[in-house]
Amino acid sequence: MKKKYYLAVWLFYFLVSLVLTYPLAFTYHRYPLFDHLEITVTFYNLWWQYYSLFHLKSSLWLNPLINYPDGYSMVFFPLFLSYGIFSSLLQAVFSTEALVGYLNWLWILSFAFSGFLGFLLFSQLSGSRKAGLICGICFSFLPFHYWHLPRLHISCLELLLLAVLAYFYFLGKKSLWSGILLGLSLVFLGYQSPNYLVYLFI
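Note that this is a predicted model, so its numbers are computed, not measured.

Participant: Describe the nonpolar core, and please don't skip the residues or the numbers.
Facilitator: Ranked by internal contacts, the top residues of the largest apolar core, which has 41 residues, are L46, Y83, L103, W107, F116, L152 and Y196. At the level of secondary structure, the elements contributing two or more residues to this core comprise α1 (2-20), α2 (36-56), α3 (81-93), α4 (99-126), α7 (152-155) and α8 (157-173). It is α4 that provides the largest number of residues to this core, a total of 13 residues. Setting aside anything within four residues of it in sequence, one finds Y196 in contact with F144, H153, I154, C156, L157, L160 and L189. The next biggest cluster of nonpolar side chains, apart from the first, holds five residues, and it includes W48, L60, L79 and L81.

Right, dumping it as structure tokens:
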């Protein structure tokens, strides 16, 4: 019964995300207008991860296309690896031409999972599912989330919530499995947004 309830809650947030991000789900060639440089870096970031892994078969952190033949170190370039894995698989299976559409769906899923994970966290903290449902909506659909969509290291609120949830789960269970879950959540967050990882430790 609990699984069906949680599935229904996730579907609720997913449907709300489709509505409040319309028409992102229905276009693969258009995206919202943002700061031009930010969205350009985001597209290049996701494309580069795919091209490096599936075509060049080389390290993500050394780009031979820039400053040829010496290459360019990407160590300090913000690689959004957690989102890049998802995007690279889609580009490999389908096509890079629909990269705009993949990014649109990354944003939609970010809203849906931010709402759902917010629901889980705030329900636990408040002891009320109704409060958790409302708080999940308020947290996920903040203007802050919309404003920073092209900045994937900032808009990944779901990964931040996942790490916080894993931390509370670890405090409650204090088992090897809960420790592994906490470690994995921090790894995904760290590779996507070192900023949020630092904030958590502070």
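Participant: How would you summarise the packing of aromatic side chains if you had to cite specific residues and measurements?
Facilitator: For the coordinates displayed, the defined rule picks out 17 aromatic pairs. Each residue in the set Y5, Y6, F116 and F119 is aromatic and connected to the rest through ring pairs, giving one cluster. The ring of Y5 has R129 sitting right over it, with the charged end atom 4.3 Å from the ring centre.

Participant: Provide a residue-level description of a nonpolar patch on the surface, including the pertinent values.
Facilitator: On the surface, a cluster of nonpolar side chains totalling about 1,100 Å² of accessible area is made up of L53, F54, I85, L89, Y169, L176, W177, I180, L181, L184 and F188. For the nonpolar patch, the elements supplying multiple residues, two or more each, are α2, α3 and α9 (176-192). Top contributing element to the nonpolar patch by residue count: α9, with six residues. Structurally, the position occupied by F54 is in helix α2.

Participant: A description of the packing of α3 against α4 should follow, citing residues and the corresponding values.
Facilitator: The geometry of a pair of packed helices is captured by two quantities: the angle between their axes and the separation between those axes. Taken N-terminus to C-terminus, the directions of α3 and α4 make an angle of 140 degrees; their axes are 10 Å apart at the nearest point. The angle between the axes of α3 and α4 places the two elements in the oblique class. Between α3 and α4 lies a crossing whose hand is right-handed. Facing α3, whose interface residues are Y83, F86, S87, L90 and Q91, α4 presents L99, Y102, L106, L109 and S110. Partitioned by chemical class, the residues of the contact of α3 with α4 number seven nonpolar, three polar and no charged.

Participant: Requested: an account of the side chain of S114, with residues and values cited.
Facilitator: For S114, the location among the structural elements is in helix α4. S114 sits in the buried class, given a relative accessible area of 0%. A polar atom in the side chain of S114 sits 2.7 Å from the backbone oxygen of S110. A polar side-chain atom of S114 sits 3.1 Å from the main-chain amide nitrogen of E158. With residues up to four places along the chain from it excluded, the contact list for S114 reads S140, H145, L157, E158 and L161.

Reading guide: rules and limits
Residues numbered from 1 in each chain as written. Predicted model: local features only at pLDDT ≥ 70, side-chain atom pairs only at ≥ 80, totals over all residues. Heavy atoms only, no water. Core = buried A, V, L, I, M, F, W, Y, C linked by side-chain atoms within 4.5 Å. Buried < 20%, exposed > 50% of the residue type's maximum accessible area, 1.4 Å probe, protein only. Helix = DSSP H or I, 4+ residues; strand = E, 2+ residues; numbered from the N terminus. Contact = heavy atoms within 4.5 Å. Phe/Tyr/Trp six-rings, centres within 6.5 Å; stacked < 30°, edge-to-face > 60°. Lys NZ or Arg CZ within 6 Å of the ring centre and 35° of its normal. Patch = residues over 30% accessible without salt bridge, like charges linked within 9 Å, V, L, I, M, F, W, Y side chains within 5 Å. Areas by Shrake-Rupley, 256 points an atom, 1.4 Å probe, with all protein chains shown as cover. Salt bridge = Lys/Arg side-chain N within 4 Å of Asp/Glu carboxyl O. Axes fitted to C-alpha atoms, helices over the stretch in contact; angles between N-to-C directions. Parallel < 35°, antiparallel > 145°, perpendicular 65-115°, else oblique. Left-handed = near helix turned anticlockwise from the far one by under 90°. Nonpolar A, V, L, I, M, F, W, Y, C, P; charged D, E, K, R; others polar. Polar contact = N/O pair within 3.5 Å; in protein donor to acceptor, adjacent residues only side chain to side chain.

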